[in-house]
Amino acid sequence: MGITIWTGTSGTGKTSSMFNEIKELTKDSPLGSNIYIVTPTQNTLSYEQLITQPEEGLVTGSMRTSVFSFTRLMWHVYNELGQPEKESLSEAGHVMFMHKLMNDMKEFLNYYQTSGGYIKFSEKVLEQITEFRAYNVNPEDLNNLQFERGRTTEKYEDLNKIYSRWSEQIAEYNIEDLNMIQNFIDDISRTENIRTLNKATIYIDGFHNFTESEFALIYALEKKVAQINLLLTHRKSDDSEQGVRDVLLFRKTEAVVTRLQELFGEHYVEFRHFDDEFLRAKRTGLTQLEKYITTGKKMTNFDGITITEAPSVEEEVIETARNIETLVRERGAKYSDIGILYRDSAYEEYIKTTFKRFDISYHMDADHYMHCNPFTQLIIALLECYKSRFQSSSFLNVLKTGYLNSGDDDKLLAHLENIIIERGLTGTELFDDERFQIEYRLDAEGMIDRIDNSESLSEMIDYKNKQISRLREFFKSLDAGTTVKDYITSIYSFIVDNGILTKLEDEIHELEETDIRLRNETEQSYNLFIRLLDDSYTVFKDKETEFSLFYETFIDGLKTATFNTRPATIDQVIVGLLDLAKVENKKYIFIYY
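Computed from a prediction, not measured in an experiment: that's the story for all the values here. (Residues numbered from 1 in each chain as written. Predicted model: local features only at pLDDT ≥ 70, side-chain atom pairs only at ≥ 80, totals over all residues. Heavy atoms only, no water.)

(A) View of helix 8 (residues 181-190). Among all positions in helix 8, only Ile 181, Phe 184, Ile 185 and Ile 188 are buried. One side of helix 8 holds all its buried residues, which, seen down the axis, span an arc of 100°. Among the structural elements, helix 3 (70-81) and helix 9 (212-222) are those in contact with the buried residues of helix 8. (Buried < 20%, exposed > 50% of the residue type's maximum accessible area, 1.4 Å probe, protein only. Helix = DSSP H or I, 4+ residues; strand = E, 2+ residues; numbered from the N terminus. Arc of directions from axis to C-beta. Contact = heavy atoms within 4.5 Å.)

(B) View of the side chain of Asp 337. Checked against the element boundaries, Asp 337 lands in the loop between helix 13 (313-330) and strand 7 (338-342). Despite being buried, Asp 337 has no salt bridge partner; Lys 587 is the closest side chain of opposite charge, sitting 4.1 Å away. In this structure, Asp 337 is in contact with Lys 586, Lys 587 and Tyr 588, ignoring residues within four places of it in sequence. (Lys, Arg positive; Asp, Glu negative; His and termini not counted. Salt bridge = Lys/Arg side-chain N within 4 Å of Asp/Glu carboxyl O.)

(C) Highlighting the pairing of strand 11 (residues 573-577). Buried residues dominate strand 11, accounting for four of its five residues. Relative to strand 11, strand 7 runs parallel, the two being bridged by four bridges. Residue pairing for strand 11: Ile 340 is matched across the bridge by Val 575. With four bridges joining them, strand 8 (residues 362-365) and strand 11 adopt parallel strand pairing. The partner of Asp 365 across the bridge, within strand 11, is Gly 576. (Pairing = 2+ DSSP bridges.)

(D) A look at the packing of helix 19 (residues 458-480) against helix 20 (residues 484-497). At their nearest, the axes of helix 19 and helix 20 sit 9 Å apart, and the two run at 160° to each other. Between helix 19 and helix 20, the angle falls in the class roughly antiparallel. Judged by the sense of rotation from one axis to the other, the crossing of helix 19 with helix 20 is right-handed. Contact residues: helix 19 offers Arg 470, Leu 471, Phe 474, Ser 477 and Leu 478, while helix 20 offers Tyr 487, Ser 490, Ile 491 and Phe 494. Residues belonging to the contact of helix 19 with helix 20 are distributed by class as follows: six nonpolar, two polar and one charged. (Axes fitted to C-alpha atoms, helices over the stretch in contact; angles between N-to-C directions. Parallel < 35°, antiparallel > 145°, perpendicular 65-115°, else oblique. Left-handed = near helix turned anticlockwise from the far one by under 90°. Nonpolar A, V, L, I, M, F, W, Y, C, P; charged D, E, K, R; others polar.)

(E) Molecular detail of the pattern of salt bridges. Within the structure shown, the criterion is met by 23 salt bridges. Of the charged contacts, one joins Arg 435 and Glu 429 as a salt bridge, the two residues approaching to 3.9 Å between their closest N and O atoms. You can call Glu 429 partly exposed: its relative accessible area is 26%. Salt-bridge contacts for Arg 450 lead to Glu 434; the nearest nitrogen and oxygen are separated by 4.0 Å. Linking Arg 450 in strand 10 (residues 448-452) with Glu 434 in helix 18 (residues 434-437), this pair joins segments that are 16 residues apart in sequence.

(F) How the structure looks around the sheet that holds strand 6 (residues 270-273). With parallel pairing, six strands are arranged side by side in an open sheet as 3-2-4-5-1-6. On the outer flanks of this sheet lie strand 3 (65-68) and strand 6, each paired with one strand and no other. Neighbour to neighbour, the strand axes of the sheet diverge by 20° on average, direction disregarded. Looking at chain direction, strand 1 (residues 3-8) and strand 6 are connected through four bridges and run parallel. What sits directly across from Thr 4, in strand 6, is Glu 270.

What follows is the structure in structure tokens.
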């Protein structure tokens, strides 16, 4: 048992020393006790790549070492202890649960009585409760808050009621907590010998601050493992001018050090300091740039730094693409050695189109919403078509996803769409064949001619009626439903009975050979759909529920979900926002400013 804090400014070799130390430990004892690297989720792939990076043409790696986020480390330990016997909900499922809860208790609320009807507000309340759980704030703690009587008091009184009811409900429904850390701590504290943690070494890297529950987790893990090494970007400040700047620059990591000393005892925590020499860069200009940022010392050498001016954003991106081609073809660089940072979102579309033209593999570090996927669009359009009773745009959206079409149906759909838009048909008008078959025109004398196109449009009319018949049968089953179980059974039955599931499986199989990213996105969209069906039943059970409440929560889950956009292949240029992206340890960085 023991905890050591590794301190040093960025680029002084903390992470490199960690990997070198792991390499030596593995070399001495390849099958020894476990070594864990705990890092934010977005770092796990790059750290795994560093561990397995070939040396002198030989495959390397470590059978002892695993890379996890805090959450994945807990689930790894649960593989030995046994999984918690609780229902798990996705993020959308928790929003669904909160929205139902606030609708059920709106008559007991004062300030938030009407706000509870808006699902976006339910999301905000859930975010607040998530933060409460992360910082170990209980409902009883809210009772102790005192304000002068007014709107703030009413807000916190309602928030306390919601939080208390939520705590009771997740216990009654046996639903997994938003923050599983406290339950995990209780479980490992009750277990004497945990093989996965016994004599293990844990390295924690890539964090700048922690929540109170994460501090408690580190404290609990330290009692079970041999050693914890925490790597922090930090430098102890002094009374100099540089020290004053350091107080602001390292305020978060200084707070981490202080809190750990409070938990473990000031003399229990050990420190390992890395000199402030800038080790990451081999070029003089980059070293001077680091000094300029930290001390304000003027630069005299720009070796390793190139400033390029361009007349337009497009020219800027094209020049970047040409430079990437040169690096890869002439200097032996890999795409994974290159990172691109931008501040203005206007660059995104230019990067996508230009890199596609230059055939540059890239990964954009941004949220991609699932509602853009055709399968998710189909589910959204189906429910919107039912809710709007065949409103023309939602009806056409169902058909344009292509999952209900076969053969030459796409041509018939194009003709059908033209007639619907041209004549402004919607709702029950879509059922009347005559509105499609009969056309009225003015002749040369100003008289109205009635033209019957029944024969020429017969194939299109048959197509329209076939699709409407399918949908009307589906909508009847939704009309007959009274519980969420009825609704989700009807939806899934429609997917299966109309061959959509088979088409989806075939599509995923075909995309494996042509577009692996789209294949992954399509599979994720289907998995989201199934997860939301499960979450819906977990939340609403067999209680009678209005379709409108189910519809609102289910649709919100589909529209707000994002793809897990980890790079499909490791050799990709990483592209991200300058302020938010995690782009580090790259040999070449392009910055659009």
